[in-house]
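Below are the chains, spelled out letter by letter.
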Amino acid sequence: MLTITVPQRPFDDLNLDPQRPLIYVLKTFSISDLNVLLNISRQLGLPSPNEPLMLKGQVIPRVVCLEGAKTLFGRRVGNEPFLEAFTQLLELHRQDSDLDVQLVPVSLFWGRTPGKDDDTMKAAVLEREDPSWLRKALMILFLGRHNFIQFSNAVSLRYMADEHGTDQSIAHKLARVARVHFRRQRKVMTGPALPNRQTLFHSLLNAENIKRAIEEEAASRQISEAEAKARAIEYMDEIAADYSDSLIRIAERILTWLWNKLYKGINIRGAEHVRQLHHDGHEIVYVPCHRSHMDYLLLSYILYFQGMVPPHIAAGINLNFWPAGPMFRRGGAFFIRRSFNGNKLYTAVFREYLDQLFAKGYSVEYFTEGGRSRTGRLQVPKTGMLAMTVNSVLRGIERPVTLVPVYLGYDHVMEVATYHKELSGKKKEKESVWQVVSAIRKLSNFGQGYVNFGQPINLQNFLTENVADWREQLANEPESKPSWLTPLVNQLATRVMTNINDAAAVSAVTLNSAVLLTAEQNALERSQLEKQLDLYLKLLNDVPYTKYMSVVEGDGQLLVSQGLELKKLVQESDGLGDIVKIDPVHTLSMTYYRNNIIHLLIVPALIANCLTCHKACSRDSVQDTVKEFYPLLEAELFMGIKELTDYVDRLLNKFVDEGLISGEPVYQVKQHKFNMLLLLSGLISETMQRYAIVFNLLASRPAIERAELEAESYLLAQRLGALHGVTAPEFYDKKLYSTLSIRLKDLGYLGKSKAEVIERIRNHSNSLLRSSVRQTIVEAVAAEHLGLRP
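Draft legend 1. Expanded view of the overall build of the protein. If you tally the helices and strands in the protein, you get 33 helices and 23 strands. Here the protein has a C-alpha radius of gyration of 30 Å; the compact-globule value for 790 residues is 28 Å, and the two agree. Across its three principal axes, the protein shows a C-alpha extent of roughly 95 × 80 × 55 Å. Split into buried and exposed, the 790 residues of the protein put 55% on the buried side. Within the protein, counting contacts between residues at least 6 apart in sequence, those at least 24 apart form 77% of the total. Of the accessible surface of the protein, which amounts to about 35500 Å², a share of 52% is contributed by carbon and sulfur atoms. Side chains of the protein give 92 positive and 88 negative charges; the mean places of these two sets differ by 4 Å.

Have a look at this one:
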């Protein structure tokens, strides 16, 4: 029997103090539960539940149960022992002001079947909430393979005694609080009861919005209402998930094998905060970035093993092919068309279905990017699902609805080679069973996976922050669409993407790619590569971008070894030492991994760019440069640095501490560290080239239209790339130029009114380029302006 522990490191994740006495609190006395707790406590180095606690000469049981065992016949043993034990503990705290016992609630689950609304026979045999000893034996027999034990945050008895007193009424209050806690914990672990699919369809058909949509469909298509209703049912059948707990249990075994086959480990950060949101009754909407088709499986698997219910996932209709489609559907996927195409009936059915998921308490997952990123950067978000989620809140969901951004990262993305073919113009292949078979045949060890949960966004709070009287407005005009809704959803989408990037995971692959892609021939002496990696690790750890990000453990030497082990890098030796370079086969794919984290190092790179291109820089001149370009970087890379000036100051101080530059008032680059700064500045080189193209065009033709600016910038980028060997796919991504032009419009840079500002930024960006690149851009723009383009 395998017992899964949540969390896996209680001392670290729950901040337990090994120096303070600890008592376990269980819901019900059970020999089987106590045996599991005994085994797990030994494995984790926790106090044994069989060892009594000695306090002030008194013997205190290590385990306290809220209620006794439920017999097959007769009444359950009452909670008198619980009240007696807690009264005794509170009295000891009254006598000794230094005493502070930690109460640790422990929940045990034999199986995690949520049950269904019409569940009868199965519930009778495997009663989950309150089983007798016989039913418990049956649960262990049939569901023992899925055994979970969850430790919760400790409650300080010292705090309880100081805040609420030590009389017997406090013991009764503790009992009530503990019962609520265990009830909520079960809800988090198993989720709400699953509806019968036909019952769900019947409920949807009775919704007023769908009734109106059916009537309108019949009138507009000139068909009978029965035909329109049948069409609505077809849409429901196409959309709705058919969640199966049995399939989840089977999938758990298959996916455990798969992850062990593919990855050496999955690194998780921030799951405990999401568990707490579930426990507090929030409706959770997971909004991860989208790197790979593996994302669907990875996040559900991680949530399952972190003691939460896998969400219902919005999947593209392109994935609804046999056999994957039916399996995804029973795993919680509901399918969505790429475009609703003005189909009002389909729209009404989908929206009502989403409302039902929220109303019944099922967590939901969707990808705001719409599709998988082909460049490794976050894409411009699609706002449709976010808008529907906000509308559900506006229609009156009582529980708090919280978006949880999730960063998903991999040392190897299986589809990355396909992405580059698509970017080069090859047509995207339609998903099919043959793609699945082909992928399975190529399975190998892909290093590590990363799942970081970002800062949650409570939608009710977000609405109040931006529209303080939104509830009053809706109460007065419930049928009208607020004028602020669309801009607010756009703002929310940007916040989601920013919070995803805030939680980025830095790995050996992403850091090695960040260094070597800026080196000539993508190669460095091994010692130089290790020193550069050590510098980046210090910058990321000592001046962290956010508290939600994670940085790989180890030093430069270890990171190089990991890159070689994953066969992303190759090492060659000569008489002077070792040279490490990117395997030429992987050069393009390594740009994908660099782009995953480029936003974390882009400001340090911009600072390094200033220091290496200008002979003398003051703190103020560096700050001015960063402030000038940061609004463009912010829009392009979904950055959210709240205290930019302070962040730049701390980076400059770190540069001084690391001996890269001399101190103030004017910074001078230390010559023996010049190449380290030059490599770092290379991270922003291609970005600065694109900015120079755009601002040279704007300075030359102030009245240029936005669409024309995008087209001309793209053409010049192609010319620049061909002449100077730029191979990064995003350099030729038309969407980036579109994002940049929109940001320029927002900043008021399009038009003749800001000609002076445009000229200043043009000169500034030109000064941060290599002379050969600058000359190419200036000459190309001049030829364009004079109509000399061949």
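Let us keep going from here.
Draft legend 2. Looking closely at the sheet that holds strand S18 (residues 523-525). Spatially, the 3 strands line up as an open sheet ordered S18-S21-S20, and their pairing is antiparallel. A single partner strand is all that each edge strand has here, and the edge strands are S18 and strand S20 (569-574). The average angle at which neighbouring strand axes cross in this sheet is 25 degrees, direction not considered. Bridge count between S20 and strand S21 (residues 577-582): 6 bridges; the pairing is antiparallel. Across the sheet, the residue bridging to Glu572 is Ile579, located in S21. Contacts between helix H23 (residues 526-542) and the sheet are confined to S18, S20 and S21, with S18 contributing the most and set at about 100 degrees to the helix. Running at roughly 110 degrees to S20, helix H24 (residues 556-565) makes contact with S20 and S21 of the sheet.

Draft legend 3. Main features of unusual backbone geometry. For the bond running from Trp322 to Pro323, omega is 0 degrees, close enough to zero to count as cis. Residue placement: Pro323 occurs in the loop between strand S11 (312-316) and helix H14 (324-330). Following Glu664, the chain continues into Pro665 via a peptide bond in cis, with omega recorded as 10 degrees. Structurally, the position occupied by Pro665 is in the loop between helix H27 (644-657) and strand S23 (666-667). Of note in this structure, Lys567 is not a glycine but carries a positive phi near 65 degrees. For Lys567, the position within the fold is in the loop between H24 and S20. Positive phi, close to 50 degrees, is recorded for Phe638, a residue that is not glycine. Exposure remark for Phe638: the relative accessible area of 7% places this residue in the buried category.

Draft legend 4. Looking closely at helix H2 (residues 31-44). Across its 14 residues, H2 extends 20 Å between first and last C-alpha, which sits within 8% of the 20 Å expected from 1.5 Å per residue. Looking at H2, one finds that the buried residues are Ser32, Asp33, Leu34, Val36, Leu37, Leu38, Ile40 and Ser41. Positioned one or two residues after H2, Gly45 has a phi angle of 75 degrees, which is positive.

Draft legend 5. Quick look at the packing of aromatic side chains. For the structure on display, the rule yields 21 aromatic pairs. Note on Trp259 and Tyr263: the rings are 5.9 Å apart at their centroids and 35 degrees apart in plane angle, and the pair reads as tilted. Here the two residues Trp259 and Tyr263 agree in accessibility, since each one is buried. With a centroid separation of 5.0 Å and an interplanar angle of 75 degrees, the aromatic rings of Phe340 and Tyr346 are classed as edge-to-face. Through pairs of rings, three or more aromatic residues link up here, namely Phe148, Trp259, Tyr263, Tyr301, Tyr304, Phe305, Tyr410 and Phe446.

Draft legend 6. Structural view of H24. Buried residues of H24: Gly556, Leu559, Val560 and Gly563, and no others. One face of H24 carries all of its buried residues, which in axial projection span an arc of 100 degrees. Where H24 is buried, its residues meet helix H22 (508-516), H23, S20 and S21.

Draft legend 7. The environment of Thr739, seen in detail. Mapped onto the fold, Thr739 is located in helix H31 (residues 734-746). Exposure remark for Thr739: the relative accessible area of 17% places this residue in the buried category. The contacts of Thr739, once residues within four sequence positions are left out, are Val380, Ala635 and Glu636.

Draft legend 8. Examining the pattern of salt bridges more closely. Taken as a whole, this structure holds 30 salt bridges when the rule is applied. The salt bridge partner of Arg231 is Glu217, with a shortest N-O separation of 2.9 Å. Placement of Arg231 in helix H10 (residues 225-239) and of Glu217 in helix H9 (residues 208-221) is noted, with a sequence separation of 14 residues between them. Arg231 gets classed as partly exposed once you look at its relative accessible area, which sits at 28%. When its relative accessible area of 5% is taken as the criterion, Glu217 is described as buried. Among the ionic pairs, Glu572 bridges to Lys581, the shortest N-O distance being 3.1 Å. For Lys581, a relative accessible area of 23% corresponds to the partly exposed category. Among the ionic contacts, a cluster of salt bridges with common partners joins Lys538, Asp542, Lys654 and Glu658.

Draft legend 9. Region of interest: the side chain of Gln356. Mapped onto the fold, Gln356 is located in helix H15 (residues 344-360). Sequence-distant contacts of Gln356, defined by excluding residues within four places in its chain, comprise Leu200, Ser203 and Leu204.

Draft legend 10. Region of the structure containing the side chain of Ser244. Relative to the helices and strands, Ser244 is located in the loop between H10 and helix H11 (245-262). Side-chain polar atoms of Ser244 contact the backbone nitrogen of Leu247, separated by 3.1 Å.

Draft legend 11. Layout of the environment of Val570. Inspection of the secondary structure puts Val570 in strand S20. Spatially, the C-alpha atoms of Val570 and Gln379 are 31 Å apart, while their sequence positions differ by 191 residues. In this structure Val570 touches Leu564, Ile579, Val580, Lys581 and Asp583, once residues within four positions along its chain are discounted.

Draft legend 12. Region of interest: the pairing of strand S6 (residues 102-110). Taken across its 9 residues, S6 has 9 buried, putting it largely inside the fold. Of the two faces of S6, the one lined by Gln102, Val104, Val106, Leu108 and Trp110 and the one lined by Leu103, Pro105, Ser107 and Phe109 are each fully buried. Relative to strand S7 (residues 147-151), S6 runs antiparallel, the two being bridged by 5 bridges. Opposite Val106, over in S7, you have Phe151 as the bridge partner.

Draft legend 13. Structural context of the state of the cysteines. Counted by the stated rule, this structure contains 0 disulfides. Cys613 takes part in no disulfide bond, and the closest cysteine sulfur, belonging to Cys610, lies 7.9 Å away. Exposure remark for Cys613: the relative accessible area of 32% places this residue in the partly exposed category. This cysteine, Cys617, is not joined by any disulfide, and Cys610 carries the nearest cysteine sulfur, 5.7 Å off.

Basis of the calculations
- Per chain, residue numbering runs from 1 following the sequence as it is written.
- Side-chain atom pairs in this predicted model are given and counted only at pLDDT of 80 or more, local residue features only at pLDDT of at least 70, and totals for whole chains, interfaces and linings cover all residues.
- Neither water nor hydrogens contribute to the side-chain values; these are computed over all heavy atoms in the structure.
- Helix and strand assignments come from DSSP, with helices taken as H or I runs of at least 4 residues and strands as E runs of at least 2, each series counted from the N terminus.
- Atoms considered for the radius of gyration are the C-alpha atoms alone. The globule rule reads 2.2 Å times the number of residues to the power 0.38.
- Three exposure classes are used, based on accessible area relative to the maximum for each residue type with a 1.4 Å probe and protein chains only: buried under 20%, partly exposed in between, and exposed over 50%.
- Working rule for contacts: check all heavy atoms of both residues, and any pair within 4.5 Å makes them a contact.
- Here the open area of atoms and residues is found with the Shrake-Rupley method and a 1.4 Å probe, where only the protein chains shown may cover a residue.
- The positive count covers Lys and Arg only, the negative count covers Asp and Glu only, and His and the chain ends enter neither.
- Note on charges: their place is set at NZ of Lys, CZ of Arg, CG of Asp or CD of Glu.
- Strand pairing is assigned whenever DSSP identifies at least 2 bridges connecting the two strands.
- Fitted lines through C-alpha atoms give the axes, limited to the stretch in contact for helices. The angle between two N-to-C directions lies from 0 to 180 degrees.
- Here the expected length of a helix is defined as 1.5 Å per residue gap, with one fewer gap than residues.
- Pairing of aromatic rings covers Phe, Tyr and Trp, the last through its six-membered ring, and needs centres within 6.5 Å; plane angles under 30 degrees mean stacked, over 60 mean edge-to-face, and all others mean tilted.
- The arc in question is the one spanned by the directions pointing from the helix axis to the C-beta atoms.
- Salt bridge, as used here, is a side-chain nitrogen of Lys or Arg placed within 4 Å of a carboxyl oxygen of Asp or Glu.
- Pairs of N or O atoms within 3.5 Å make up the polar contacts considered here, provided that, within protein, one atom can donate a hydrogen while the other can accept it, and that residues adjacent in sequence are counted only when both atoms are side-chain atoms.
- Here, a disulfide means two cysteine sulfur atoms that sit within 2.5 Å of each other.

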